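Structural overview for review
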Amino acid sequence: SLNTEWSDQVYARMQVIKFLKQIQPGDRVALYSLGRGLHILHDYTTDASALVERLGRFRGNNLPDLAASTVNTDDPLVQALSEDGMANEQRMANFFARNKVLNTLQALEAIGQHLASVPGRKSLVWVSGGFPLMIGFDDMDTAASDGAPAAMQERETFFDELEHTLRALNHADVAVYPVDARGLMTDPMFSAQTRGAPRPGARSFTPKNLDTMETLADRTGGKAYYNRNDLDGAIREVFNDTSVTYTLGYYSANPETDGKFREIKVKVNRPGLNVRYRKGYFAFADMKAND
């Protein structure tokens, strides 16, 4: 609910319910929701009817945070603002965007901690509109396309916070499978509400937040699903993808515990196979029992 438009929430919930009605007896599923806070709707169970009943009672949240995290430049009232007024609007939007990103990363980390005691590989299907890893950089792209200097505003990245969350997820052996709740998206340039013809040389349309989904999936051994309307089919593909897993272990040839990232590569000799696995680890010293 924190990162997804209300209309997309309604459709996504229907698609998840459709999937839950088809789960197999061996599928163990838990349901979480993220709005103003993280909530466990239903812990792990193989009872499809209990999951459907619980999600059927969950109506989501139409939170103002999502709309407040961006400046609506099509609004005549916003267009009438002075330069200082526009800067204040942008600062307020950045405030909501920052909180949204940090709350989502903390929630993902909390899920990893909650599942750390569950043995084996776990898959987190994250149905969401996603969140950005950077805020305040959109004006640079706009300025570059217009040939004008970029407007000055607060800019911030969240790569360090993302790394912290990825460590927690990998430590708990949780692979993230983002499923874009926005479904199939078309370039808004071709919307009937857009005035005028598309500008020559305009950049190709890329939906926002896909890079975040790809990073979370790639770094934890999952896969991102987007630009498709069959969300229930995407979730079923996740279950098929994780039906067979192997546990591989090895001793590192580098004994240094310098906290640096060590890349892992797993290769198979059989053609036509895709191997999903965490892409590395941070070489920290083992924690003592009283740490």
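Now for a look at the structure at hand.

Reading the values: rules and limits
Residues numbered from 1 in each chain as written. Predicted model: local features only at pLDDT ≥ 70, side-chain atom pairs only at ≥ 80, totals over all residues. Heavy atoms only, no water. Helix = DSSP H or I, 4+ residues; strand = E, 2+ residues; numbered from the N terminus. Contact = heavy atoms within 4.5 Å. Phe/Tyr/Trp six-rings, centres within 6.5 Å; stacked < 30°, edge-to-face > 60°. Buried < 20%, exposed > 50% of the residue type's maximum accessible area, 1.4 Å probe, protein only. Lys NZ or Arg CZ within 6 Å of the ring centre and 35° of its normal. Pairing = 2+ DSSP bridges. Axes fitted to C-alpha atoms, helices over the stretch in contact; angles between N-to-C directions. Parallel < 35°, antiparallel > 145°, perpendicular 65-115°, else oblique. Left-handed = near helix turned anticlockwise from the far one by under 90°. Nonpolar A, V, L, I, M, F, W, Y, C, P; charged D, E, K, R; others polar. Salt bridge = Lys/Arg side-chain N within 4 Å of Asp/Glu carboxyl O.

**Digging into the environment of Leu133**
Take Leu133: it is sitting in the loop between strand 3 (122–128) and strand 4 (134–135). Along the chain, Leu133 and Leu162 lie 29 residues apart, while their C-alpha atoms are 8.2 Å from each other. Excluding residues within four positions of it along the chain, Leu133 makes contact with Glu156, Thr157, Phe158, Phe159, Leu162, Thr212 and Thr215.

**Details of the packing of aromatic side chains**
Per the counting criterion, the structure on display carries five aromatic pairs. Centroid distance Phe261 to Phe282: 5.2 Å. Interplanar angle 65°. Geometry classified as edge-to-face. Taken as a pair, Phe261 in strand 7 (residues 261–263) and Phe282 in strand 8 (residues 280–282) lie far apart in primary sequence, 21 residues in all. Under the relative-accessibility criterion, Phe261 is labelled partly exposed at 35%. Ring centres of Phe282 and Phe284 lie 6.1 Å apart, and the angle between their planes is 25°; on these two criteria the pair is classed as stacked. Three or more aromatic residues link up through ring pairs in this structure, and these residues are Phe261, Phe282 and Phe284. In this structure, Arg28 is placed above the aromatic ring of Tyr44, and the distance from its NZ or CZ to the ring centre is 5.0 Å. The ring of Tyr277 is capped by Lys279, whose NZ or CZ atom sits 4.4 Å from the centre of that ring.

**Comments concerning the pairing of strand 2 (residues 38–45)**
As judged from the five bridges shared by strand 1 (residues 29–34) and strand 2, these two strands associate in the antiparallel manner. Residue Tyr32 lies in a different strand from strand 2, and its bridge partner there is Ile40. As consecutive antiparallel partners, strand 1 and strand 2 are separated by three residues.

**Examining the packing of helix 7 (residues 159–171) against helix 8 (residues 210–220)**
One way to put it is that helix 7 packs onto helix 8 with a least axis distance of 10 Å and a crossing angle of 40°. In this view, helix 7 runs oblique relative to helix 8, as classed from their interaxial angle. Crossing of helix 7 against helix 8: the hand is right-handed. For the pair helix 7 and helix 8, the contacting residues are Leu162, Glu163, Leu166, Leu169 and Asn170 in the first and Thr215, Leu216, Arg219 and Thr220 in the second. Here the contact of helix 7 with helix 8 is composed, by residue class, of four nonpolar, three polar and two charged.

**Topic: the packing of helix 1 (residues 6–20) against helix 9 (residues 231–241)**
If you want to describe how two helices pack, look at the angle between their axes and the distance between the axes. Put simply, helix 1 and helix 9 touch, their axes get as near as 8 Å, and they point 45° apart. Judged by the inter-axis angle, helix 1 sits oblique to helix 9. The crossing of helix 1 and helix 9 is right-handed. Here Tyr11, Ala12, Gln15, Val16, Lys18 and Phe19 of helix 1 come into contact with helix 9, specifically with Leu231, Asp232, Ile235, Arg236 and Phe239. Of the residues assigned to the contact of helix 1 with helix 9, the class counts are seven nonpolar, one polar and three charged.

**Quick notes on the pairing of strand 3**
The two faces of the sheet receive side chains in turn, since in a regular strand these alternate between them. Burial of the side chains of strand 3 is restricted to one face: Lys122, Leu124, Trp126 and Ser128 are buried, whereas none of Ser123, Val125 and Val127 on the reverse face is. Here seven bridges tie strand 3 to strand 6 (residues 174–180), and the two strands are oriented parallel to one another. Within strand 6, the position partnered with Val125 by the bridge is Tyr177.

**What about the pattern of salt bridges?**
What the rule picks out here adds up to 12 salt bridges. Across the pair Arg182 and Asp180 runs a salt bridge, and its minimum N-O distance is 2.8 Å. Here the salt bridges share partners, and the residues they tie into one network are Arg228, Asp230 and Glu237.

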